[in-house]
Amino acid sequence: MISKFGITMRKFRDEIGESLRTMSTRLGISPSFLSAMEVGRKLIPIEYAKKIKDAYNLNDQDYAELMEAIIETNQRVDIEIAKMNDCLLYTSDAADDLT
């Protein structure tokens, strides 16, 4: 499922007719990493906000929207990572009980 960050980034891309691959090249990251951030599988490094702002000449309103999207997406990714860690811990504990 696409994250708020993904929705925001796609909006920026659509406005200028740019592909994900072209955007990733412009930002100096791999297309797979950009895609993973957009769908909420990877945390978005906060320093990317400035990189995106500079690369796309974002105005203050768009930059604020981007920051909000990064924060919201990272909070959700943190929650998902915590859930996965809990699941791994539970699975590990259950395996230990079998030995």
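This text goes with the structure placed above it.
Residues numbered from 1 in each chain as written. Predicted model: local features only at pLDDT ≥ 70, side-chain atom pairs only at ≥ 80, totals over all residues. Heavy atoms only, no water.

Undergrad: Residue-level account of the nonpolar core, with values.
TA: By size, the foremost hydrophobic cluster in this structure holds 17 residues, and its most contacted members are Phe5, Met9, Ile52 and Leu66. When residues of this core are traced back to their parent elements, those giving at least two are α1 (4–16), α2 (20–27), α3 (31–38), α4 (48–56) and α5 (60–98). The biggest single contributor to this core is α4, with four residues. Apart from the residues lying within four places of it in its own chain, the contact partners of isoleucine 52 are Phe5, Met9, Leu27, Leu58 and Leu66. (Core = buried A, V, L, I, M, F, W, Y, C linked by side-chain atoms within 4.5 Å. Buried < 20%, exposed > 50% of the residue type's maximum accessible area, 1.4 Å probe, protein only. Helix = DSSP H or I, 4+ residues; strand = E, 2+ residues; numbered from the N terminus. Contact = heavy atoms within 4.5 Å.)

Undergrad: Account for the packing of α1 against α2, with residues named and values stated.
TA: Two elements in contact, α1 and α2, have axes separated by 10 Å at closest approach and are oriented at 105°. It follows from the interaxial angle that α1 and α2 lie roughly perpendicular. For the pair α1 and α2, contact is made by Met9, Phe12, Arg13 and Ile16 and by Leu20, Met23, Arg26 and Leu27, respectively. Of the residues that constitute the contact of α1 with α2, the class distribution is six nonpolar, no polar and two charged. (Axes fitted to C-alpha atoms, helices over the stretch in contact; angles between N-to-C directions. Parallel < 35°, antiparallel > 145°, perpendicular 65-115°, else oblique. Nonpolar A, V, L, I, M, F, W, Y, C, P; charged D, E, K, R; others polar.)

Undergrad: Summarise the packing of aromatic side chains; cite the residues concerned and give the values.
TA: Taken as a whole, this structure holds one aromatic pair when the rule is applied. Measuring from ring centre to ring centre gives 6.2 Å for phenylalanine 33 and tyrosine 48, while their planes differ by 80°; the resulting arrangement is edge-to-face. Placement of phenylalanine 33 in helix α3 and of tyrosine 48 in helix α4 is noted, with a sequence separation of 15 residues between them. Accessibility expressed as a relative area gives 24% for phenylalanine 33, which makes it partly exposed. The ring centre of tyrosine 48 lies 5.1 Å from the NZ or CZ of lysine 51, which sits over that ring. (Phe/Tyr/Trp six-rings, centres within 6.5 Å; stacked < 30°, edge-to-face > 60°. Lys NZ or Arg CZ within 6 Å of the ring centre and 35° of its normal.)

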